[in-house]
2 protein chains.
Amino acid sequence: MSKITLGAFPYLYPMPTVIVGALVEGKPNFITVSYCGIVQHVPPLVSITLIDRHHTNQGIKETGCFSINIPNTRMLKITDYLGINSGDNIDKSKLFDVFYGALKQAPMITETPLNLECRLVKTVDMGSNCEIYFGEIVESYSEKKYLKNGHPYIKKLDPILFSINSNNYFKVGRKLGPAWKIGLRYIPK
Amino acid sequence: MSKITLGAFPYLYPMPTVIVGALVEGKPNFITVSYCGIVQHVPPLVSITLIDRHHTNQGIKETGCFSINIPNTRMLKITDYLGINSGDNIDKSKLFDVFYGALKQAPMITETPLNLECRLVKTVDMGSNCEIYFGEIVESYSEKKYLKNGHPYIKKLDPILFSINSNNYFKVGRKLGPAWKIGLRYIPK
């Protein structure tokens, strides 16, 4: 076997690239996050992890809600900009056209193809400098042009993939096949 | 604004496609999972969600560890096969060349380009039919041919993206730019 050990790293490929929104002292703030995943199907729960010194954390705790906004590849520069610059230093409230939904306090970005409005249901502190937030997705927002059969379609959304450690962004490539179907063609040895 | 509401769904794009491994009653078992995300940087923690009736859950609880194996697109059919068929009904222990690492009881797949060996550190039950497992990544395994500058490189790994609701698999596309750099070119309006 030619396997080698690489050490303990968060090597998951790919990761999504999302913009988390929260109201901080009454103003919309946004931060780019790749530590984000679905953790439950029904009711739908998403997890995000933020370093505890981030400006956004305060807003999530104050309001009990946040948004997840999925940018497309045309928004690459501004998406990365949000991850480089802290809301402690710059005002991010005017960068986007912001709208609100059922929760009233989760600022969402009109320009991103997809928005998930989330109610904070659990905070997990594992003793590091990170805070893990579980949010229940109470509503999602998109536009007809991004849908196929009533659901968002990944090639229309054109999301940004994040690749950790090389720290690069990538585009979604070609379709490979249908889930829960293509495996029917596998013949065990 | 032309946004429409779509309801509460786990709409995250893309999701990864990973194969979770565990020893169930002493035999390696594997299941395909897309509800998987990094939840902490140091020490590195990953979350996976499994429906509680799955065969694999029993093994994770018994041994206190599991593996995350990241297949490439050439393994598409067998990867999907593992998600269609339960270890309750078929013996998945002979499908792969299996190896073990530091934890001794987390079966890993030689054929997948990347393996994360995980020690179970927390189980979160949110009251649904799912169980959320947090694993500390204690070691990772790969081969030199999948690395660039000492780390796994996504284009060499060639992982499988999962797109929920349309339920299709996709390939990684072209590189868009470097993280924490391309945003320096963004000029706020």
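Residues numbered from 1 in each chain as written. Chains lettered and ligands numbered in written order. Predicted model: local features only at pLDDT ≥ 70, side-chain atom pairs only at ≥ 80, totals over all residues. Heavy atoms only, no water.

Quick notes on the nonpolar core
- Counting 83 residues, the largest nonpolar core has Ile48(A), Phe66(A), Ile68(A), Ile48(B), Ile60(B), Phe66(B) and Ile68(B) as the members making the most contacts within it.
- Residues in contact with Ile68(B), not counting those within four places in the same chain, are Val18(B), Ile19(B), Cys36(B), Val46(B), Ile48(B), Leu114(B), Asn115(B), Leu116(B) and Cys118(B). (Core = buried A, V, L, I, M, F, W, Y, C linked by side-chain atoms within 4.5 Å. Buried < 20%, exposed > 50% of the residue type's maximum accessible area, 1.4 Å probe, protein only. Contact = heavy atoms within 4.5 Å.)

Focus: the pattern of salt bridges
All names here are of chain A.
- Applying the stated criterion across every chain yields a total of 8 salt bridges over all chains.
- With a shortest N-O distance of 2.9 Å, Lys61 and Glu131 are connected by a salt bridge. Of this pair, Lys61 sits in helix H1 (residues 55–63) while Glu131 is found in strand S11 (residues 130–142), placing the two residues 70 residues apart along the sequence. (Salt bridge = Lys/Arg side-chain N within 4 Å of Asp/Glu carboxyl O. Helix = DSSP H or I, 4+ residues; strand = E, 2+ residues; numbered from the N terminus.)

Digging into the sheet that holds strand S15 (residues 168–178) of chain B
- Reading across from one edge, S2(A)-S14(A)-S15(A)-S15(B)-S14(B)-S2(B) is the order of the 6 strands in this open sheet, with antiparallel pairing throughout. Each edge of the open sheet carries a strand with a single partner, namely strand S2 (15–16) of chain A together with strand S2 (15–16) of chain B.
- Pairing of S2(A) with strand S14 (residues 161–163) of chain A, which is carried by 2 bridges, proceeds in the antiparallel orientation. Looking at the pairing, Pro16(A) lines up with Leu161(A) of S14(A). (Pairing = 2+ DSSP bridges.)

With respect to the relation of the copies chain B and chain A
- With an RMSD of 0.0 Å, chain B superimposes on chain A once it is rotated by 180° and translated 0.0 Å along the axis. Taken together, these values place the two copies in the relation of a two-fold axis. The C-alpha atom lying nearest the rotation axis in chain B is that of Gly173(B); the distance is 1.8 Å.
- A high fraction, 99%, of the interface residues of chain B reappear at the interface in chain A, so the copies pair face to face through one surface. (Least-squares fit on C-alpha atoms with pLDDT ≥ 70 in both.)

Here's the deal with H1(A)
- Of the positions making up H1(A), those classed as buried are His55(A), Thr56(A), Asn57(A), Gly59(A), Ile60(A) and Thr63(A).
- Positioned one or two residues after H1(A), Gly64(A) has a phi angle of 70°, which is positive.

Quick word on the interface of chain B and chain A
- Across the contact, 100 residues belong to chain B and 99 residues belong to chain A.
- Between chain B and chain A, a total of about 9,100 Å² is buried, with carbon and sulfur atoms accounting for 70% of that surface.
- Remark: the boundary between chain B and chain A carries 0 salt bridges.
- One can count 45 residue pairs in polar contact (both at pLDDT 80 or more) joining chain B with chain A.
- When residues of the side of chain B that touches chain A are assigned to their parent elements, the largest contribution, 11 residues, is made by S15(B).
- In the side of chain B that touches chain A, the residues fall into 60 nonpolar, 26 polar and 14 charged. (Buried area = accessible area lost by both parts, 1.4 Å probe. Polar contact = N/O pair within 3.5 Å; in protein donor to acceptor, adjacent residues only side chain to side chain. Nonpolar A, V, L, I, M, F, W, Y, C, P; charged D, E, K, R; others polar.)

What to know about the pairing of strand S4 (residues 27–33) of chain A
Residues and elements named next belong to chain A.
- Most of S4 sits inside the fold, with 6 of its 7 residues counted as buried.
- Direction of pairing for strand S3 (residues 18–24) relative to S4: antiparallel, over a ladder of 7 bridges. When the sheet's bridge partners are listed, Val20 is paired in S4 with Ile31.
- Linking S3 back to S4 in an antiparallel pair, the connection comprises 2 residues, with Glu25 at a positive phi of about 50°.

Comments concerning the confidence of the model for chain A
- With 99% of its residues at a pLDDT of 70 or more, chain A shows a mean pLDDT of 95.
- Listed scores for the predicted complex are pTM 0.97 and ipTM 0.96. (pLDDT = per-residue confidence, 0-100.)

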